[in-house]
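Okay, here's what each chain looks like letter by letter:
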Amino acid sequence: MLRQDIKRMLTKNWMDNKKLLSAIMITPAILYILIMVGLPLILAIFYSFSDATTGSSDFKFIGLQNFRDILEDPIFRKSLMNTFIFTFSSQIIVLILSNILAMVLAANYRGKWIVRFLILLPWTAPISLGTIGWLWMLDSIFSPFDWILRYMGLLGTQNALLGNMSNMYWLGEPVYAMASVILVHIWRILPLSTVILMAGLSSIPHDLMEAASIDGAGFFRTFFKIKIPLLIPIMSISLLFGFVFTFTDMTVVYVLTRGGPIHSTQVLSSWAFLKGIEAGDLAHGAAIALFLLPLLACVVILILKLARRTEVT
Amino acid sequence: MGKLKKIYSKSFLGLSAFFFILFSTFPFYWMLIATFKRDHDLFSPNNNPFLFNEPATIKHLSELLFNTLFLKYMFNTFWVGTVVVVITLIIAVPAAYCLSRWSGKTGENLGIGIFLTYLVPPTLLFIPLSRIISFFGLHESLGALILIYPTFTIPFCTWLLMGFFKSIPKDIEEQAMIDGCSRLGAMIKIIFPLSISGILTVIVFTFTLTMHEFIYALSFISVSAHKTISVGVPTELVRGDVFRWGPLMAGALIPSIPVAILYTFFLDRFISGFTMGAVK
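So, how was this worked out
- Sequence order sets the numbering: in each chain, residues are counted from 1 along the sequence as written.
- The order in which chains are written sets their letters, starting at A; the order in which ligands are written sets their numbers, starting at 1.
- A pLDDT threshold of at least 70 governs which residues receive local features in this predicted model, and a stricter bar of 80 or more applies before side-chain atom pairs are shown or counted, although totals over entire chains, interfaces and linings include all residues.
- A helix here means a DSSP run of H or I that spans at least four residues, while a strand means a run of E at least two residues long, and both kinds are numbered starting from the N terminus.
- The size measure is the radius of gyration over C-alpha atoms, and the globule rule it meets is 2.2 Å times the number of residues to the 0.38 power.
- As a rule, residues whose C-beta atom has 12 or fewer other C-beta atoms within 10 Å are exposed, those with 20 or more are buried, and those in between are partly exposed; C-beta atoms are placed from the backbone.
- Throughout, a pair of residues is in contact if the C-beta atoms placed from their backbones lie within 7 Å.
- The predictor rates its confidence in each residue with pLDDT, a number between 0 and 100.
- Throughout this entry, Asp, Glu, Lys and Arg are counted as charged residues, while Ala, Val, Leu, Ile, Met, Phe, Trp, Tyr, Cys and Pro are counted as nonpolar. The remaining residues, Gly among them, count as polar.
- By convention here, the domain bounds are inherited from an automatic or database domain assignment.
- The axes are straight lines fitted to the C-alpha atoms, using for helices just the contacting stretch, and the angles between their N-to-C directions are given from 0 to 180°.
- The labels follow the angle: roughly parallel below 35 degrees, roughly antiparallel above 145, roughly perpendicular from 65 to 115, and oblique for the rest.
- The hand of a helix crossing depends on one turn: near helix anticlockwise from the far one by less than a right angle means left-handed, and clockwise means right-handed.
- In this description, a nonpolar core means buried residues of the types Ala, Val, Leu, Ile, Met, Phe, Trp, Tyr and Cys, linked to one another by C-beta atoms lying within 7 Å.

Q: Quick question: what am I supposed to make of the overall build of chain B here?
A: Helix and strand counts for chain B come out as 15 helices and two strands. Relative to the 2.2 N^0.38 estimate, which gives 19 Å for 280 residues, the radius of gyration of chain B is 24 Å and therefore markedly larger than a compact globule would have. Principal-axis analysis of the C-alpha atoms places the extent of chain B at approximately 75 × 75 × 35 Å. Counting every position in chain B, which comprises 280 residues, the buried fraction comes to 46%. Considering only contacts within chain B whose residues lie at least 6 apart along the sequence, 74% involve residues at least 24 apart.

What follows is the structure, given as structure tokens:
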């Protein structure tokens, strides 16, 4: 009786009306996301079926013509290929390296925080600025890698292993340029992946490892039979985020090569940028960018599945 | 035997740690050394590039600070960052609180839904957003970035804050309400002071995320004086095809370090947001 009285008293005031209050609190966030993320997403799909340009504000629908155009474009096909090559090769290497690095960092030693800070730098510093450092390291004349190769006699002399030119032109040769882009992606994602894995490692019960070592399981046995199976959910999450960040990124390509030489390092997002923003061809740009969507949708479904699974256990 | 094995594994760990640190930090060492090298030293291909072959100089540093728009970029970045922090807090804090107090699975699911919009990449949205910006008349202005940056800060911060609010037991505010506080009063007087560390985390991340952002800033701002640091340094310190490497490296290094320190300090919370409770 008394409780109900209190309750009635409380709901009189709007400041206590739970439903009204929660509606007021949640609406701005949802509205903002709908207008600034939902609406543009739908607009992007609209544009890809239209002939919109930045020049004029009216446009008409032209069906699948844009998709036909871009699919016939060899540069588009090259960038689609590159996007997959860059993403898969860098993420496979990150997966292997992050497992090793997580193990190295898990050991106890003095000055751990400074090691952690240094290892994390590629992820914590702005990527466009970090990539500028790489641009200078891969310079066509002053690259320190070339200097080392020359010093070792592998480059720049008659009969040298890598040729008698004095430089490798890392960003000027298609194959080297692709390798450079992959390397910078690895450099950037490795710290993120490693710290996510370490969070997983620290959640493995200590008893389990102790029991395994008492039972005589060696390093590799505990690694493959205990750590890996227990870490699979967290590894998949770090892999999925790595995928998204690499697949959709254009910063590394833009700063290092702008897609060159001759589009050999062009990726979907940089090509969409050059077409849609720099050339003002909204329709084709949107159609190119839309090819990012299917993979993103898959990733989102996988993340949701993983989140469900971890809730049950 | 056992001792030998231990020494062996220890040196293996040390050696691999060394190589990983070398890989991570070398580009930053490279920036540091270029910042203080004389041009003649920098541009002699036969000099050992890892060392100073001539005395160090602060010429590049002073050129960066006084002959370029670097300080203006810094100011723009801080301005955008601060306004975006305020907007994010105003929108994300109430939303997160509300989602954390909803009963059942609805709050959790809506929260995950909001978080997932963080994964919609700028490269998918920048084309339609360029239209929305000109609709609002924000073309070429910092206002465009202030309008757009919350698209990634709000989802991420709402999700982070939800976790924080959930860790505060409901009993505390119920107690306050029985003691005569209104629901809104309980939230402001009791819950917010308890979640200061969460709000601080959100401030730091919103700030660092806006400093990191490159793609929107590149797409929507081409006037030099309105650029932010992440775009101004890579695009403006290059004159045509001439790279001014000394000032460029200084400009890349100086903003990187404080951002990295802040980020590292709060990283554990960032990670627990990312792993979505898969690690407890």
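Structure shown, so let's carry the discussion forward.
Q: Honestly, the overall build of chain A in this entry has me stumped. Any pointers?
A: On a plain count of helices and strands, chain A comes out with 14 helices and zero strands. In chain A, the order of α-helices and β-strands from amino to carboxyl end is α-α-α-α-α-α-α-α-α-α-α-α-α-α. What you see for chain A is a C-alpha radius of gyration of 26 Å, clearly larger than the 20 Å of a compact globule of 313 residues, by over 25%. Along the first, second and third principal axes, the C-alpha set of chain A runs to 100 × 75 × 30 Å. Residue burial in chain A is summarised as follows: out of 313 residues, 42% are buried.

Q: I keep staring at the confidence of the model for chain B and nothing clicks. Help me out?
A: All names here are of chain B. Chain-level pLDDT for chain B is 86 on average; 95% of the residues reach the 70-or-more range. Across chain B, the element-wise mean pLDDT spans from 68 in strand β1 (residues 238-239) up to 94 in helix α7 (residues 142-148). Predicted as a complex, the structure gets a pTM of 0.89 and an ipTM equal to 0.89.

Q: Looking at this structure, I do not really get the interface of chain A and chain B. What am I missing?
A: Across the contact, 80 residues belong to chain A and 80 residues belong to chain B. Split by residue class, the side of chain A that touches chain B holds 63 nonpolar, 14 polar and three charged.

Q: Would you mind showing me how to read the environment of A:F219 here?
A: Take A:F219: it is sitting in helix α10 (residues 219-247). Note: C-alpha distance between A:F219 and A:I96 (123 residues apart in sequence) is 17 Å.

Q: Please clarify how the domain arrangement of chain B should be interpreted in this entry.
A: One frequently used descriptor of interface size is the decrease in accessible area upon assembly of the parts. All names here are of chain B. In terms of domain boundaries, chain B breaks down into domain 1 (2-57) and domain 2 (62-274). Contact with domain 1, which involves eight residues of that partner, is made by seven residues of domain 2. At the level of elements, α1 (2-36) and α2 (39-42) are the ones that each hand at least two residues to the side of domain 1 that touches domain 2. When residues in the side of domain 1 that touches domain 2 are grouped by element, the largest group, five residues, is from α1.

Q: Could you clarify how one ought to interpret the packing of helix α5 (residues 112-124) of chain A against helix α14 (residues 245-265) of chain B in this entry?
A: In a packed pair of helices, the relevant descriptors are the angle between the two axes and the axis-to-axis distance. Running from N to C, α5(A) and α14(B) point in directions that differ by 110°, and their axes come no closer than 9 Å. By the angle between their axes, α5(A) is roughly perpendicular relative to α14(B). Viewed along their axes, α5(A) and α14(B) form a crossing whose handedness is right-handed. Residues A:R116, A:F117, A:L120, A:L121 and A:T124 of α5(A) form the contact with α14(B), whose own contacting residues are B:V259, B:A260, B:Y263 and B:T264. For the contact of α5(A) with α14(B), a count of residues per class yields six nonpolar, two polar and one charged.

Q: Teacher, can you tell me more about the packing of α5(A) against helix α8 (residues 174-201) of chain A here?
A: Residue and element names in this part refer to chain A. Look at α5 against α8: their axes get within 7 Å of each other, and the N-to-C directions meet at 120°. Taken together, the axes of α5 and α8 are oblique relative to one another. α8 is crossed by α5, and the crossing has left-handed handedness. In contact with I119, L120, P122 and W123 of α5, α8 contributes W187, R188, P191 and L192. Residue classes in the contact of α5 with α8 are distributed as seven nonpolar, no polar and one charged.

Q: Explanation requested: the domain arrangement of chain A in the structure shown.
A: Residues and elements named next belong to chain A. Segmentation of chain A into domains returns domain 1 (1-48) and domain 2 (69-312). Computed over C-alpha atoms only, the centres of domain 1 and domain 2 are separated by 39 Å. Counting residues at the interface gives four residues for domain 1, matched by six residues for domain 2. Here the side of domain 1 that touches domain 2 is composed, by residue class, of three nonpolar, one polar and no charged.

Q: Explanation requested: the nonpolar core in the structure shown.
A: Nonpolar side chains in soluble globular proteins tend to be buried together. In this structure, A:A289, B:A92 and B:L161 are the most contacted members of the largest nonpolar core, which totals 157 residues. Among the elements that take part in this core, α8(A) stands out by supplying 14 residues, more than any other. The contacts of B:A92, once residues within four sequence positions are left out, are A:A29, B:I154, B:C157, B:T158, B:L161 and B:V202.

Q: Please clarify how unusual backbone geometry should be interpreted in this entry.
A: A negative phi angle characterises most non-glycine residues, just as the trans form characterises most peptide bonds. In the Ramachandran plot, A:I262 falls in the positive-phi region, its phi being about 40° despite a non-glycine side chain. Among the secondary structure elements, A:I262 is positioned in the loop between α11 (251-256) and α12 (268-278). Its identity is not glycine, yet B:E140 carries a phi of approximately 65°, on the positive side. Among the secondary structure elements, B:E140 is positioned in the loop between α6 (122-135) and α7.

Q: I keep staring at the environment of A:I182 and nothing clicks. Help me out?
A: Residues and elements named next belong to chain A. Relative to the helices and strands, I182 resides in helix α8. Look at I182 and you get buried, because 22 C-beta atoms sit within 10 Å. Residues I182 and F86, 96 residues apart in the sequence, show an inter-C-alpha distance of 5.5 Å. In contact with I182, not counting residues within four places along its chain, are F86, S89 and S90.

Q: Is there a simple way to explain helix α13 (residues 282-289) of chain A in this structure?
A: Helical periodicity: at 3.6 residues per turn, an α-helix aligns residues three or four positions apart in one direction. Taken across its eight residues, α13(A) has eight buried, putting it largely inside the fold. Looking only at α13(A), the buried set comprises A:L282, A:A283, A:H284, A:G285, A:A286, A:A287, A:I288 and A:A289.

Q: Would you mind showing me how to read the environment of B:L194 here?
A: All names here are of chain B. The topology assignment puts L194 in helix α10 (residues 183-194). The partly exposed category is assigned to L194, around which 15 C-beta atoms lie within 10 Å. Separated by 95 residues in sequence, L194 and L99 have C-alpha atoms that sit 17 Å apart.

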